[in-house]
Structure formats: C-alpha cells, structure tokens
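Each chain, written out:
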Amino acid sequence: MRPQPGDLLRIDGRASVQFAGDRALAFRVVSVSDRQTYPGWIWLTGYVLNRRGEATAKREIYVQLAGLRPAASAPAPSRPRVTHLYASRNDQGDGRAARNRSGLRARADAR
C-alpha cells in the first residue's frame, strides 16, 4: 500500500524499529517523497496526532511500506472552548467595575 496525502496511519514497530512499543504513533500523511530510497522503504511527511485527533508535531519519517497500517479513524479535533465574559451590573464599559473587583480580591487574599 502506497500512502496518499490525507491518509491516517498507525506507525509502529512493523514500519520501523524506532516506532516499536510505546513509541507507536498515529500519523496523518501530508506528502509522500519521491526521493530514491532502499527498495520497500519510503519517506513520509505528516503530523503526529494525539488521542483527540489533534496534531502535536510535524515530522518526516522513514518507514517500510510493508509495515504501514491504516489507523482506526481518529476523532475530529475538538473545537476550543470559548468563554464569554459578561459585564457586571456596575460595569459602565470603562473598566472601573473590573478594577474594583480585582482590587477587592487582592485585599481579601492579603488577609
């Protein structure tokens, strides 16, 4: 199987000894190199994915074609949580209420 950009692969010890055991990884292929290599080996560029499907590092890896396996589909990357800051009743938009609240906390923490 020759990987294509977009493929999600499980890279483990079958692909190369450097990925054996706990060094196995989920890998999203970005590009496949045309560089001349030893027969049955290939250079891949892509992203290492964590358990949530988020890219954690971009890498170029040298692996055996016969050892490449499709990965179980990774979950879609989660969207960042957005927190909304709501104005207090006393806030007139000039920031005084926020400064007053933070000043009260600082004094309460100092006790």
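Our subject in this report is the structure included herewith. (Residues numbered from 1 in each chain as written. Predicted model: local features only at pLDDT ≥ 70, side-chain atom pairs only at ≥ 80, totals over all residues. Heavy atoms only, no water.)

1. Digging into the pairing of strand 4 (residues 55-64)
And then number 1: Sheet analysis places strand 3 (residues 41-49) next to strand 4, joined by 9 bridges and oriented antiparallel. Residue Tyr47 lies in a different strand from strand 4, and its bridge partner there is Lys58. (Pairing = 2+ DSSP bridges. Helix = DSSP H or I, 4+ residues; strand = E, 2+ residues; numbered from the N terminus.)

2. So, the packing of aromatic side chains
And then number 1: Per the stated rule, a full pass over the model turns up 2 aromatic pairs.
And then number 2: Arranged with centres 5.1 Å apart and planes meeting at 20°, the rings of Trp41 and Tyr62 form a pair that is stacked. With Trp41 in strand 3 and Tyr62 in strand 4, this pair connects stretches of sequence that are 21 residues apart.
And then number 3: Taking the centre distance of 4.8 Å and the plane angle of 35° together, the rings of Trp43 and Tyr62 count as tilted. On the criterion of sequence distance, the pair formed by Trp43 in strand 3 and Tyr62 in strand 4 is long-range, its members being 19 residues apart.
And then number 4: By relative accessible area, which is 25% here, Trp43 ends up partly exposed.
And then number 5: An aromatic cluster of three or more residues is present, and its members are Trp41, Trp43 and Tyr62. (Phe/Tyr/Trp six-rings, centres within 6.5 Å; stacked < 30°, edge-to-face > 60°. Buried < 20%, exposed > 50% of the residue type's maximum accessible area, 1.4 Å probe, protein only.)

3. Re the side chain of Asp12
And then number 1: Positionally, Asp12 belongs in the loop between strand 1 (8-11) and strand 2 (25-32).
And then number 2: In contact with Asp12, other than residues within four places in its own chain, are Phe19, Ala20, Ala24 and Gly67. (Contact = heavy atoms within 4.5 Å.)

4. Points about the pairing of strand 3
And then number 1: With 6 bridges joining them, strand 2 and strand 3 adopt antiparallel strand pairing. Counted as the bridge partner of Phe27 is Val48 from strand 3.
And then number 2: Linkage of strand 3 to strand 4, two consecutive antiparallel strands, is achieved through a turn of 5 residues, within which Gly53 is found at a positive phi near 85°.

All we've got here are geometric facts, nothing functional implied.
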